[in-house]
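# Overview (structure and organization)
Single-letter residue listing:
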Amino acid sequence: MTVNKYKGELEVNLNQKTYKTKLSLDGIVRIEEDLKKSILEVANDLMMSKVRMNEVITVLTQALRGGGNDLTAKDVGKIAFDAGMIESLKVTGEILTNTITGGSKEVEEKNVVTELKQTD
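Here's a quick rundown of the structure. (Residues numbered from 1 in each chain as written. Predicted model: local features only at pLDDT ≥ 70, side-chain atom pairs only at ≥ 80, totals over all residues. Heavy atoms only, no water.)

### Quick notes on the pairing of strand E1 (residues 9-14)
Selection criterion: Note on pairing: DSSP must find at least two bridges between two strands before they are called paired. The way it works is that DSSP assigns letters per residue, a run of H or I at least four long becomes a helix, a run of E at least two long becomes a strand, and they are numbered from the N terminus.
Here E1 runs beside strand E2 (residues 17-22); their pairing, made up of six bridges, is antiparallel. By the bridge assignment, Leu-10 is partnered in E2 with Thr-21. Counted along the chain from E1 to the antiparallel partner E2, the turn is two residues long, and its residue Asn-15 has a positive phi close to 55 degrees.

Written as structure tokens, this is what we have:
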């Protein structure tokens, strides 16, 4: 499976299965419409542990569909439940981070430098 993170694509693992994901502009708009909050608010809520599972399922559904997976929200709910809450939250965070940063090489390089400084 080939992904281009600089185009917002990401490979994620849920319940021991690998999926290609991508949040397109249309997917982001659908999330914002469904949840009545901005994508940044959703990401912030996730970071502050204030996200609900229906929000996680909404994000995952749009991201998985954007990655070419033909799944309903009910299918994604089952995948998320089987994967477990922690894994589902982690994957949702990865997707949102990749979407917000755009898979930016500059952001990635700054993160690597920060991680290296922290390990010294």
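There's more to say after this.
### Quick notes on the nonpolar core
As a reminder of what qualifies: Take the buried residues of types Ala, Val, Leu, Ile, Met, Phe, Trp, Tyr and Cys, join any two whose side-chain atoms come within 4.5 Å, and each joined set is a nonpolar core. For the exposure calls, accessible area comes from a 1.4 Å probe over protein chains only, and a residue counts as buried if that area is under 20% of its type's maximum, exposed if over 50%, partly exposed in between.
Counting 25 residues, the largest nonpolar core has Leu-14, Tyr-19, Leu-23, Val-59, Leu-60, Ile-95 and Leu-96 as the members making the most contacts within it. With five residues, the single largest contributor to this core is helix H3 (residues 53-66).

### Side note on the pattern of salt bridges
Just so we agree on the cut-off: One side-chain nitrogen of Lys or Arg within 4 Å of one carboxyl oxygen of Asp or Glu is enough to make a salt bridge.
All told, the structure shown has six salt bridges when counted by the stated rule. The partner of Lys-78 in a salt bridge is Asp-82, and the shortest N-O contact between them spans 2.8 Å. In this pair, Lys-78 and Asp-82 both sit in helix H4 (residues 73-83), four residues apart, roughly one turn of the helix. You can call Asp-82 partly exposed: its relative accessible area is 37%.

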